[in-house]
There are 2 protein chains.
Amino acid sequence: MGNSIKEAEKYCKENDLKFTPVRRKVLEILLQKNKALGAYEILDLLREAGFKNQPPVAYRALDFLVKNGFAHKIEQLNSFVGCMHPGKDHSPAFMICRNCDFVSEEEAINPSFSVSKIASKAGFKVEKAVIEARGLCHSCASSA
Amino acid sequence: MGNSIKEAEKYCKENDLKFTPVRRKVLEILLQKNKALGAYEILDLLREAGFKNQPPVAYRALDFLVKNGFAHKIEQLNSFVGCMHPGKDHSPAFMICRNCDFVSEEEAINPSFSVSKIASKAGFKVEKAVIEARGLCHSCASSA
DNA sequence: TCCTCCATGATATAACATAACATCTAGGCA
DNA sequence: TGCCTAGATGTTATGTTATATCATGGAGGA
Ligand SMILES: [Zn+2]
Ligand SMILES: [Zn+2]
Ligand SMILES: [Zn+2]
Ligand SMILES: [Zn+2]
């Protein structure tokens, strides 16, 4: 967790990317909350931390984090999570609990073998795959 | 295509659902355009066809169509497509071309295959899976 | 020094979606 | 027939998510 920040810092240094205060803060927020957050929720937390709070502040930082693999967008929720496997070139699959809103990031083993298999039939060249499952997490399923 | 309308009609009759003019028209629009359309684009087309054009008109019809499996929402695009495999209880996977915006719906063979395999490791009970690939369609990949 | 690149500040607005309440209409049933 | 009910539609307003645009600032190279 504190580790992911370190990883991001290292990666940025090695790749000439600027890990600026606001970008760092947004990543810290995402990792610390450990759940999906909307851009405007993040914005509120930035304000509390003394940063400016116009929408572009959050969206720019999020763009940076997503683009460089430090965070992901959850399309079904229009919200964002910190990456749980930073540094790796990976192909995530998300499990979103409809009861407690917890989001877990799993590795879509074999760069989405499922998806490319379907795609190849259609002659489609996949560049990125969004895989998001909705349902019940282990804990909520047990107590149901 | 005209077939999908017939299928919807039949399904609604059998299940006591009202396939009203506006619902039918929205489905016709989606099937005819054969690409992902935003709710407000649909709204414009409804207006042209003489329907009311406040946002709820489109969203209500889309809710109905999605809920009953006649259409799908493409989360990455905040837009909607007519279903290509109506009537079947199916688990779709979408291929979205970043060049020409064409969206094709494929069958995610073996619903439990890809996603639930990942999910089971995490103790997650999948109820619905969103699978959307971005990349290049056959035609755009060829001419690149 | 001064130039360039990119990040940030700031304002405005676009795009997507729903809440809430009124009205209408078809179908069940006294 | 006349009432009642449920669901569909009409209508107004507003909430939520995201981007365009132009101005300003600051680090680093020529
Ligand atoms: Zn990740
Ligand atoms: Zn849960
Ligand atoms: Zn379908
Ligand atoms: Zn294409």
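Residues numbered from 1 in each chain as written. Chains lettered and ligands numbered in written order. Predicted model: local features only at pLDDT ≥ 70, side-chain atom pairs only at ≥ 80, totals over all residues. Heavy atoms only, no water.

Asks: What am I meant to see in the interface of chain A and chain B here?
Replies: When the parts come together, some accessible area is lost, and that loss is often what is quoted as the size of the interface. On the chain B side, the residues contacting the 34 residues of chain A number 34 residues. Overall, the association of chain A and chain B removes approximately 2,900 Å² of surface from exposure, summing both partners, and the carbon and sulfur fraction of that is 65%. It is A:Met95, A:Ile118 and A:Phe124 in chain A that bury the most area against chain B; as a group they hold 21% of the surface buried on that side. Our count for the chain A to chain B interface comes out at 2 salt bridges. Of the charged contacts, one joins B:Arg98 and A:Glu127 as a salt bridge, the two residues approaching to 2.8 Å between their closest N and O atoms. Where chain A touches chain B, the interface holds 12 residue pairs in polar contact (both at pLDDT 80 or more). Looking at the side of chain A that touches chain B element by element, the count peaks at 12 residues for strand E5 (residues 125-136) of chain A. Here the residues of the side of chain A that touches chain B are counted per class, giving 19 nonpolar, 6 polar and 9 charged. (Contact = heavy atoms within 4.5 Å. Buried area = accessible area lost by both parts, 1.4 Å probe. Salt bridge = Lys/Arg side-chain N within 4 Å of Asp/Glu carboxyl O. Polar contact = N/O pair within 3.5 Å; in protein donor to acceptor, adjacent residues only side chain to side chain. Helix = DSSP H or I, 4+ residues; strand = E, 2+ residues; numbered from the N terminus. Nonpolar A, V, L, I, M, F, W, Y, C, P; charged D, E, K, R; others polar.)

Asks: Could you clarify how one ought to interpret the coordination of the zinc ion (ligand 2) in this entry?
Replies: Working reference: metal with six octahedral donors, ideal angles 90 or 180 degrees; metal with four tetrahedral donors, ideal angle 109.5 degrees. All names here are of chain A. With distances of 2.3 to 2.4 Å, the protein atoms coordinating the zinc ion (ligand 2) are Cys97 (SG), Cys100 (SG), Cys137 (SG) and Cys140 (SG). Expressed as a motif, the donor residue spacing for the zinc ion (ligand 2) is C-x2-C-x36-C-x2-C. Classification of Cys97 as buried rests on a relative accessible area of 0%. (Donors = N, O, S within 2.8 Å, 3.2 Å for Na, K, Ca; no water. Buried < 20%, exposed > 50% of the residue type's maximum accessible area, 1.4 Å probe, protein only.)

Asks: I would appreciate a short explanation of the sheet that holds strand E4 (residues 103-107) of chain A in the present structure.
Replies: Note: strands within a sheet are paired through backbone hydrogen bonds, in either parallel or antiparallel orientation. If you walk across this open sheet you meet the 6 strands as E4(A)-E3(A)-E5(A)-E5(B)-E3(B)-E4(B), and the pairing is mixed. The strands lining the two open edges of the sheet, one partner per strand, are E4 of chain A together with strand E4 (103-107) of chain B. Here the strands of the sheet are splayed against their neighbours by 20 degrees on average, with no regard to which way each runs. The pairing of E5(A) with strand E5 (residues 125-136) of chain B spans 11 bridges and is classified as antiparallel. Residue pairing in the sheet places A:Ala129 in a bridge with B:Ala133 of E5(B). (Pairing = 2+ DSSP bridges. Axes fitted to C-alpha atoms, helices over the stretch in contact; angles between N-to-C directions.)

Asks: Any chance you could explain the pattern of salt bridges here in plain terms?
Replies: Here the idea is simple: oppositely charged side chains can pair when their charged atoms come close. Residue and element names in this part refer to chain A. By the definition in use, this model includes 10 salt bridges over all chains. A salt bridge links Arg24 to Glu9, with the nearest nitrogen and oxygen atoms 2.1 Å apart. One end of the pair, Arg24, is in helix H2 (residues 21-33); the other, Glu9, is in helix H1 (residues 2-14), with 15 residues separating them in the sequence. By relative accessible area, which is 25% here, Arg24 ends up partly exposed. Here Lys25 makes a salt bridge to Glu28, at a shortest N to O gap of 4.0 Å. Of the two residues, Lys25 and Glu28 both sit in helix H2, 3 residues apart, roughly one turn of that helix.

Asks: It is not clear to me how the packing of helix H3 (residues 39-48) of chain B against helix H4 (residues 55-67) of chain B should be interpreted in this structure. Could you clarify?
Replies: The description of two helices packed together rests on the angle between their axes and the distance between the axes. Residue and element names in this part refer to chain B. Between H3 and H4, the shortest axis-to-axis distance is 9 Å and the interhelical angle comes to 110 degrees. When the interaxial angle is binned, H3 and H4 end up roughly perpendicular. Packed against H3, whose contacting residues are Ala39, Tyr40, Ile42, Leu43 and Leu46, the element H4 presents Pro55, Val57, Ala58, Tyr59 and Leu62 at the interface. Of the residues assigned to the contact of H3 with H4, the class counts are 10 nonpolar, no polar and no charged. (Parallel < 35°, antiparallel > 145°, perpendicular 65-115°, else oblique.)

Asks: Would you mind showing me how to read helix H2 (residues 21-33) of chain B here?
Replies: Because each turn of an α-helix spans 3.6 residues, side chains separated by three or four positions in sequence point in the same direction. Between the first and last C-alpha of H2(B) there are 18 Å, a value that for 13 residues agrees with the 18 Å anticipated at 1.5 Å per step. B:Val26, B:Leu27, B:Ile29, B:Leu30 and B:Leu31 are the residues of H2(B) that are buried. (Expected span 1.5 Å × (residues − 1).)

Geometric values such as these leave the question of function open.
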